[in-house]
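The chain contents come next:
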Amino acid sequence: MARLADREGVLARLMLLPAIVYILALVAVPFVVAIAYSFSDVTAGDPSYDWVGLENYRSNWEDPVFGRALWNTFLFTGVTMLLTVVLANILATLLTADFHGKWVVRFLVLLPWTTPAALGAIAWLFMLDSLLSPIDWILWQVGLLEDGRHMVWLGKSGLAKASVIGVQVWRLVPLAAVIIMAGQTAIPDDIKDAAAVDGAGFWRRLWEVTIPLTLPVIAVAVLFGAIITFTDMSLVRVLTNGGPVNQTHVLASWAYVKGIDGGNLAQGAAVAVFLLPLLLAATIAILRAVRRWEVT
Amino acid sequence: MSERSEGTTAPTVPIERQRRQAQRRYVASRITVYVVAIVASLLAAFPFIVEGIITFKRDQDLYAPGSNPFRYNLDPTTEHLDFLFTSTGFLTFVLNTLLVGACVVAITLLLALPAAYSLARLPLRWGGALGITIFLVYLIPPSLLFVSFSRLIANMGLQNSRWALVVLYPTITVPVAVWLLLGFFKSIPRDVEEQAMVDGYSRFAAFVRVAVPLAFPGIVAVIVFSFTLSAHEFLYASAFLSSSSQKTVSVGIPTELVLGDVFHWQELQAAALLVALPIALLFNLLLERFVSGFTMGAVKG
């Protein structure tokens, strides 16, 4: 018996080994190397490692674009999650209801999430085009915009930021709704029935039964969405490319501009390192929420 | 007797009113559901509907100032669709995506299946902590890792090669796959494998012949996730691929169908839509599985 357990122990390690080796070699080591790069002068052209201490952090800190990117990252993530949590709860409630044509509705509302982010951004690139925007055309028809004038959505700082947030919300609501839906369907039927029999209307059931019981799942959905928004560079890259004049960069897109476009790997790393403290906080929060979910 | 009949007839009026009220409330809630469903569908699908319309628009129609963007002011044409398939790299991007996707699926399953089984079933003292650690790996941002990968890919001689993506994408898919499969393996009753082992299977044979087939729904979810990631991923693909023969859809379409300042709008939108629709279909077929896999991994991990 003891020998069998021993052999299972060996087998367990053997089966785990390939995945662990791969993750160590291609995530753990590169992670440490990237952080080490941020204290060096490594560039794409000159890979020799020379220690420069906090020099990259200092020059980033003095760069106004970095400051804006840092602020935008928090702004975009905060506003996106606020809007997403409200809309995703509505969508999740809709998707748990029974109605005709649900399959079609489900297909359509999930499209923004299942489409690659860069290609969703391509669709919006046309919607927000300075001359051809169909949104401008609608605004002309309803009289909110003078005929022939254009909003130039991506050409003005405020509108461009709002556009990035809008597209991010559009993309994340379906994901958050699906996660919240999983929580809503897990509420035992007898609780829902009891509330309905007691005469609780839709809104009271929503506020006093559904939302409190799904709160941990809502937290998971929000945190996942926040991590995605926080680390995503593809949307900004395709939609605005940081423009107009570097007004809409986020940390991830700015790190890319520095590291790949500019070839300055060390500075790119020093930008991206700023993502870590918040990711760590979000991770701890996710684990807590999941544990609470487990208990309920 | 008369007392009884009074007892039942007296409240009929309020009951009748209550019933009518309930009915009205029911009708109102039905209408709300359909209105919300239609509004949500329109908001979500609006850009895709426009993409579908634009695909067949003639240049003179599309670029005419002030023309209605939602209808064909001139006869629709398939010339842009033809151009997309015959004169652009679109089909190459699709093939590259399929190739990278297939390889990533294979590597992910080879690494994640045994690892998840080991964590779910076998005696490992630090198994629980390890499961969580593997999940946390998923949260390390590509925006930071690309810095090191840029050197790594150069050292491996994989600059500007789609094989670079085959090496890198499992860093994203393996943690998720382990997490998903862990839940599925835990949901299989232990007795099934133990019975197989009593019948003379080794533990490894029980894993291959009994546990893996029973975790099939989870495997399908992993396949779809890993495969679509190859179409979704943008950062690594745009950082490490520069020639059009190597690009995948999510980086090839935005970079190659815009020449300088000239947007080939119809081709661009058609390509984006042609990629979006099949992926959405796949996801919809497997939605329930994803949702249950996600919760299982979370609840039982």
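From a predicted model like this one, the values you see are computed outputs, not experimental measurements. (Residues numbered from 1 in each chain as written. Chains lettered and ligands numbered in written order. Predicted model: local features only at pLDDT ≥ 70, side-chain atom pairs only at ≥ 80, totals over all residues.)

Looking now at the overall build of chain B. Helix and strand counts for chain B come out as 15 helices and two strands. In summary, chain B has a C-alpha radius of gyration of 28 Å against a globular reference of 19 Å for 301 residues, an excess of more than 25%. Reported as C-alpha extents along the three principal axes, the dimensions of chain B are approximately 100 × 75 × 35 Å. Burial status across chain B gives 44% buried among its 301 residues. Looking at chain B alone, contacts between residues at least 24 apart form 74% of all its contacts between residues at least 6 apart. (Helix = DSSP H or I, 4+ residues; strand = E, 2+ residues; numbered from the N terminus. Rg over C-alpha atoms; globule rule 2.2 N^0.38 Å. Buried ≥ 20, exposed ≤ 12 C-beta atoms within 10 Å, placed from the backbone. Contact = placed C-beta atoms within 7 Å.)

To continue, consider the domain arrangement of chain B. All names here are of chain B. Taken domain by domain, chain B holds domain 1 (2–62) and domain 2 (79–300). Computed over C-alpha atoms, the centres of domain 1 and domain 2 are 39 Å apart. With seven residues of domain 1 at the interface, the matching set in domain 2 holds nine residues. It is helix α2 (residues 12–55) that contributes the most residues to the side of domain 1 that touches domain 2, five residues altogether. Of the residues contributing to the side of domain 1 that touches domain 2, the split by class is three nonpolar, two polar and two charged. (Domains from an automatic or database assignment. Nonpolar A, V, L, I, M, F, W, Y, C, P; charged D, E, K, R; others polar.)

All names here are of chain B. For helix α7 (residues 142–155), with 14 residues, the first-to-last C-alpha span of 19 Å sits near the 20 Å given by 1.5 Å per residue. Here α7 lies mainly inside the structure; 11 of its 14 residues are buried. Regarding α7, the residues found buried are Pro142, Ser143, Leu144, Leu145, Phe146, Val147, Ser148, Phe149, Ser150, Leu152 and Ile153. Remark: Gly157 follows α7 within two positions and exhibits a positive phi of approximately 70 degrees. (Expected span 1.5 Å × (residues − 1).)

Right, let's get into the interface of chain B and chain A. In many reports, interface size means the accessible area that the parts give up when they come together. Contacts between the two partners involve 74 residues from chain B, matched on the other side by 75 residues from chain A. For the side of chain B that touches chain A, the element with the most residues is helix α15 (residues 265–300) of chain B, which contributes 15 residues. When grouped by side-chain class, the residues that make up the side of chain B that touches chain A number 58 nonpolar, 13 polar and three charged.

Structurally, Ala44 of chain B is set in helix α2. Looking at Ala44 of chain B, the number of C-beta atoms within 10 Å reads 22, which means it is buried.

For the rest of this paragraph, the subject is the packing of helix α7 (residues 157–185) of chain A against helix α9 (residues 202–231) of chain A. All names here are of chain A. Between α7 and α9, the least distance of the axes is 9 Å, while the angle of their chain directions is 145 degrees. Pair α7 / α9 crosses with right-handed handedness. On α9, the residues that touch Gln168, Leu172, Leu175, Ala176, Ile179, Ile180, Ala182, Gly183 and Gln184 of α7 are Thr210, Thr214, Val217, Ile218, Val220, Ala221, Val222, Phe224, Gly225, Ile228 and Thr229. Considering only residue class, the contact of α7 with α9 consists of 13 nonpolar, seven polar and no charged. (Axes fitted to C-alpha atoms, helices over the stretch in contact; angles between N-to-C directions. Left-handed = near helix turned anticlockwise from the far one by under 90°.)

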